[in-house]
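Residues per chain, in single letters:
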Amino acid sequence: MKCGIVGLPNVGKSTLFNCLSNAKAQSANFPFCTIEPNVGVITVPDERLVKLGELCKPERGVIPTTVEIVDIAGLVKGASKGEGLGNKFLANIRETDAIIHVLRCFDDGNVVHVDGTVNPVRDKEVIEAELQLKDLETVEARIQKTEKQAKAGGDKQAKTALEVLMKYRDALSQGLSARTVELQNKEEEAVAKEMFLLTNKPVMYVCNVDEESAVTGNAYVEQVREAVKGENAQVLVLAAKTEAEIAELDTYEERQMFLQEMGLEESGVNRLIKAAYALLELRTFLTAGSDEVRAWTFKAGWKAPQCAGVIHTDFEKGFIRAEVIKYEDYISLGGEAACRAAGKLGVEGKDYQVQDGDIMHFLFNV
C-alpha cells in the first residue's frame, strides 16, 4: 500500500518528501527536477509501541510498521495529453493507492510559481482537471467495449458495469471527480474497484505554509478548506521548509524543544504519516513479549485469520483461534499475565473483526 505525493512544480513536494525519508529527492527551484518517482518506506509513529517497550523490555527491541510514500514529479496543465512528461506522471499516480496533494500556501519571491502567482485553489483545479480528463478518456473507452457486451449477450454484469460507467461519465463531464459518485450496492462498488480511476483514489490536501502560519494556518489555507468542503477530504497544514530544519536537528530533545517554541505538540511530518496511514484505511495490531514488541499493518475490517496471515501465511491456513488483549488493559494492568488473571484476555474465532491497537496472539496448526 502506498501514497503518492503530487502537486504542481515548486510547491514543496520534494522538500516534504526529504523530510519524510532519508532519500534525497532534488528540490531545485525549477520544474521537473524529480523525473523518476522517489520511493520512501516510512516508519509510522506510534506512541503505544514506546509504552509497550518500556513494559516488556524486549530482547530484540521494538519494531514499528511502515507505509510507502512515492514522490511524483510535478504535474502541469496538459498532462493528460502528454504535456510535461505527463503520461509518465499519470502512470506513476495510477500505481498508488491514495494521493497526498501538496498545495503552495506561502508567499516567497525567491521561489518561482509555475503560473506566476500563488493561488492554491487554482493549482488544485489544474491537477484535478488533468486527472479527470484522463479518467474521462478511460471511461469513454470502457463504455464502447461494455455497450457491445451488454447488448450482445444480455450480460447482467456488463449491464451493471455500463450503469456505473455512465454515472462516472456524467460526473467527469461536469468537472467532478469519480470519488463524488454515489454507488448503490456492492455489485457497483466491485465494478468501480476494477476501473482504477485516478480521481477515485482517496485524497488528502497538504497546505504547505510559511513558519508563521504552521500553527494557525493563513488565508490561503482557508480558501482551500472552503474549496474542498464538499469532497469529504482531509486538509493538513504544515511548513515543509521548517520541517526540513527540524529534521536536521541531532536529538529528539532538540526537535521537541523547537516544536514547543513554535507552539506545536507534534511535528507536521508525524501528523502527515499518521494521516496517510489512515487515508489508506490501514490499522495496526500489536504483538508484545520479552523477545520483541512489534506493530503489524492490516486493512480496516479484516478478520482474525487475515491478520494472522500478515505474520505468516501458515498462521492463516492453520488458524485455530486468537487471544486478544486490549491495549489499554495491557498497559493499566501491567502485562499479559495480569490480564489473564483479571479475565481481560479474550479468546476469539475466525469471525472476530480485529480492532486497531489489539494485542494479538494466534494459535494455529498446519
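> Just checking my understanding: could you explain empty space enclosed by the protein for this structure?
Over the atoms, a rolling probe the size of a water molecule traces out where space has been left empty. Evaluation of the coordinates by the stated rule reveals 2 cavities of 30 Å³ or more. Space inside the largest cavity adds up to approximately 70 Å³. With 3 residues, helix α4 (residues 120–153) is the single largest residue contributor to the lining of the largest cavity. Within the residue set of the lining of the second largest cavity, elements represented by two or more residues are β7 (234–238), α8 (240–247) and α10 (268–279). Of the residues contributing to the lining of the second largest cavity, the split by class is 6 nonpolar, 2 polar and 2 charged.

> Can you walk me through the sheet that holds strand β6 (residues 203–208) in this structure?
The strands making up a sheet associate through hydrogen bonds between their backbones, and the pairing can be parallel or antiparallel. Read from one edge of the open sheet, 6 strands run β2-β4-β1-β5-β6-β7, paired in mixed fashion. The open sheet has two edge strands, β2 (38–43) and β7, and neither has a second partner. With strand direction ignored, the average angle separating the axes of adjacent strands in the sheet is 25°. Where β2 lies against strand β4 (residues 66–71), 6 bridges are found, and the strand directions are antiparallel. Residue Asn 38 lies in a different strand from β4, and its bridge partner there is Asp 71. Across the sheet, helix α1 (residues 13–20) lies against β1 (2–6), β2, β4, β5 (98–104), β6 and β7, angled at about 155° from β4, the strand it touches most.

> I'm lost on the packing of aromatic side chains in this one. Help?
By convention here, two paired aromatic rings are described through the distance between centres and the angle between planes. Scanning all chains against the criterion turns up 5 aromatic pairs. Ring centres of Phe 285 and Phe 362 lie 5.8 Å apart, and the angle between their planes is 90°; this geometry places the pair in the edge-to-face category. Taken as a pair, Phe 285 in strand β8 (residues 282–288) and Phe 362 in strand β12 (residues 359–364) lie far apart in primary sequence, 77 residues in all. Judged by its relative accessible area of 0%, Phe 285 falls in the buried class. Of the aromatic side chains, those joined through ring pairs into one cluster are Phe 285, Trp 296, Phe 298, Phe 319 and Phe 362. Its end group placed over the ring of Trp 296, Arg 294 keeps NZ or CZ at 4.2 Å from the ring centre.

Reading guide: rules and limits
Residues numbered from 1 in each chain as written. Predicted model: local features only at pLDDT ≥ 70, side-chain atom pairs only at ≥ 80, totals over all residues. Heavy atoms only, no water. 1 Å grid on protein atoms, 1.4 Å probe; cavity = no way out; pocket = protein on both sides within 12 Å on 5 of 7 lines; lining within 4 Å. Points joined across faces, edges and corners; volume = space filled by probe spheres on them. Helix = DSSP H or I, 4+ residues; strand = E, 2+ residues; numbered from the N terminus. Nonpolar A, V, L, I, M, F, W, Y, C, P; charged D, E, K, R; others polar. Pairing = 2+ DSSP bridges. Axes fitted to C-alpha atoms, helices over the stretch in contact; angles between N-to-C directions. Contact = heavy atoms within 4.5 Å. Phe/Tyr/Trp six-rings, centres within 6.5 Å; stacked < 30°, edge-to-face > 60°. Buried < 20%, exposed > 50% of the residue type's maximum accessible area, 1.4 Å probe, protein only. Lys NZ or Arg CZ within 6 Å of the ring centre and 35° of its normal.

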